[in-house]
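This is what each chain is made of:
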Amino acid sequence: MLDNKPHPIMARWPAQSPDKIQLYSYPTPNGVKASIMLEETGLPYEPHLVTLSDADVKSPEFLSLNPNNKIPAIIDPNGPDGEPLALFESGAILLYLAEKSGKLLGKSAADKHRITQWLMFQMGGVGPMFGQLGFFYKFAGSEIEDPRPRERYVNEAKRLLNVVNTQLEGKYWIAGDFSIADIALAPWLNALDFYGAKEVVGWDDYANVVAYVDRFMQRPAVQRGKAIPARA
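Structural notes, computed from the coordinates. (Residues numbered from 1 in each chain as written. Predicted model: local features only at pLDDT ≥ 70, side-chain atom pairs only at ≥ 80, totals over all residues. Heavy atoms only, no water.)

1. Some remarks on the overall build of the protein chain
Which entries qualify depends on this criterion: Going along the chain from the N terminus, every DSSP run of H or I of four or more residues is numbered as a helix, and every run of E of two or more is numbered as a strand. Our radius of gyration looks at C-alpha atoms and nothing else; its globule reference is 2.2 Å times the residue count to the power 0.38. Each residue gets one of three labels from its accessible area relative to the maximum for its type: buried under 20%, exposed over 50%, partly exposed in between, using a 1.4 Å probe on protein chains only. When checking whether two residues touch, look at their non-hydrogen atoms; a contact exists if any pair is within 4.5 Å. Accessible areas in this description were obtained via Shrake-Rupley with a 1.4 Å probe; residue shielding takes into account the shown protein chains only.
The helix and strand tally for the protein chain stands at ten helices and four strands. In sequence order, the secondary structure elements of the protein chain are arranged as β-α-β-α-α-β-β-α-α-α-α-α-α-α. Computed over the C-alpha atoms, the radius of gyration of the protein chain is 18 Å, within 12% of the 17 Å expected from 2.2 N^0.38 for a compact globule of 232 residues. On the principal axes, the C-alpha backbone points of the protein chain span a range of 55 × 45 × 25 Å. Buried residues in the protein chain amount to 47% of all 232 residues. Restricting the contact set of the protein chain to residue pairs at least 6 apart, pairs at least 24 apart contribute 67%. Summing over all exposed atoms, the protein chain offers an accessible surface of approximately 11,200 Å²; the carbon and sulfur share of this is 52%.

2. Topic: the packing of helix H1 (residues 31–41) against helix H4 (residues 90–101)
Selection criterion: Comment: axis = line fitted to C-alpha atoms, over the contacting stretch for helices; angle = value between 0 and 180 degrees taken between N-to-C directions. Any angle from 65 to 115 degrees is called roughly perpendicular, while one under 35 is roughly parallel, one over 145 is roughly antiparallel, and all others are oblique.
Put simply, H1 and H4 touch, their axes get as near as 9 Å, and they point 10° apart. The orientation of H1 with respect to H4, classified from their angle, is roughly parallel. Touching Lys-33, Ala-34, Met-37, Leu-38 and Thr-41 of H1 are Ser-90, Ile-93, Leu-94, Leu-97, Ala-98 and Ser-101, all from H4.

3. Things to note about the pairing of strand S3 (residues 73–76)
Stated formally: Between any two strands, at least two bridges found by DSSP are needed for them to pair.
On S3, burial covers both faces: Ala-73 and Ile-75 on one face and Ile-74 and Asp-76 on the other are all buried. In this sheet, S3 lies alongside strand S1 (residues 21–25) in antiparallel orientation, the contact comprising three bridges. Looking at the pairing, Tyr-24 lines up with Ala-73 of S3. Relative to strand S4 (residues 85–88), S3 is paired through four bridges, and the arrangement is antiparallel. If you follow Ile-75 over to S4, its bridge partner there is Ala-86.

4. Topic: the layout of surface pockets
The cut-off we apply is this: Think of a 1 Å grid over the protein atoms and nothing else: a 1.4 Å probe that fits but is trapped marks a cavity, an open set flanked by protein within 12 Å on at least five of seven lines marks a pocket, and residues with an atom within 4 Å of a point count as lining. Grid points are joined across faces, edges and corners, and a volume is the space filled by probe spheres set on the points. Each residue is assigned to one class: nonpolar for Ala, Val, Leu, Ile, Met, Phe, Trp, Tyr, Cys and Pro, charged for Asp, Glu, Lys and Arg, and polar for all the others, Gly among them.
What the largest pocket holds in volume is close to 1,100 Å³. Secondary structure elements with two or more residues in the lining of the largest pocket: H1, helix H2 (54–57), helix H5 (109–137), helix H7 (180–194) and helix H9 (207–217). When residues in the lining of the largest pocket are grouped by element, the largest group, six residues, is from H7. Here the lining of the largest pocket is composed, by residue class, of 20 nonpolar, ten polar and eight charged.

5. Here we look at the packing of aromatic side chains
Using the following cut-off: Here a Phe, Tyr or Trp ring, Trp counted by its six-membered ring, pairs with any other such ring whose centre lies within 6.5 Å, and the pair is stacked when the planes are under 30 degrees apart, edge-to-face when over 60, and tilted otherwise.
Taken as a whole and assessed by the stated rule, the structure comprises twelve aromatic pairs. With centroids separated by 5.0 Å and ring planes inclined at 70°, the aromatic side chains of Trp-118 and Phe-121 adopt a geometry described as edge-to-face. Placement of the pair is Trp-118 and Phe-121 together in helix H5, with a separation of three residues, close to one helical turn. Each member of the pair Trp-118 and Phe-121 is classed as buried. Judged by centre distance (6.3 Å) and plane angle (90°), the rings of Phe-139 and Tyr-195 are edge-to-face. Here the residue Phe-139 occupies a position in the loop between H5 and helix H6 (148–167), and Tyr-195 occupies one in the loop between H7 and helix H8 (198–201), the gap between them amounting to 56 residues.

6. Examining H6
Quick reminder of the rule: In this analysis, the expected span of each helix is defined as 1.5 Å times one less than the number of residues it contains. The arc refers to the directions leading from the helix axis to the C-beta atoms.
Between its terminal C-alpha atoms H6 stretches 29 Å, which fits the 28 Å expected from 20 residues at 1.5 Å a residue. Among the residues making up H6, those that are buried are Tyr-153, Val-154, Ala-157, Leu-160, Leu-161, Val-164 and Asn-165. Buried residues along H6 cover an arc of 140° about the axis, so they all sit on one side. Across from the buried face of H6, at angles greater than 90 degrees, the exposed residues are Arg-148, Arg-152 and Thr-166. Along its buried surface, H6 packs onto H5, H7, H8 and H9.

7. A closer look at H1
Taking burial as the measure, the eleven residues of H1 include eleven buried ones, the bulk of the element. Within H1, the full set of buried residues consists of Gly-31, Val-32, Lys-33, Ala-34, Ser-35, Ile-36, Met-37, Leu-38, Glu-39, Glu-40 and Thr-41. Gly-42 sits one or two residues past H1 and shows a positive phi near 80°.

Structural data, given as structure tokens:
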């Protein structure tokens, strides 16, 4: 349980149910990793909407939880050894919740490592590269006349899509059974739709990826989690 001294973030986002995991997030590809994981595992939690505005993510209260000013972040009042645990970084949160719940991290030590490698693939590759593609294709970077930045990230997105498409050949999920690797990866693949970049990367050429994202999005926990926290 949380001790008698509340975490500083609770001055701005008060906990109504302090005995539950507190989720501070926004429904972006990174943010929904945590909410989908919580829905998939059934762990009790309380969501708090933290917008991407500087007023929220750069507030002293949020920085007290995540000095890197990025969502998502969590506080588990019943962490290891019964002590509160505050965590940021979506990949770290997925690993922690998987270990806490005993779910979605495989059935063996070997499974865990195979799943973790695909989690790291998303964290170090798909997320950063697709995010840059979005910046240069849809957002402020699209105003740059030099085509090379866009070409770089379009080509890198295509390369990564091919890696995923090849890995999924004859497979239902990226690392065997459904796991945290899928919860990390699929929302970022789906982000190409939000960026309006499916056509430029040749989305329909990656049949395994298309079917994979469709399967993922049909899961009931995903349907719930992708809209949590609810936008104001």
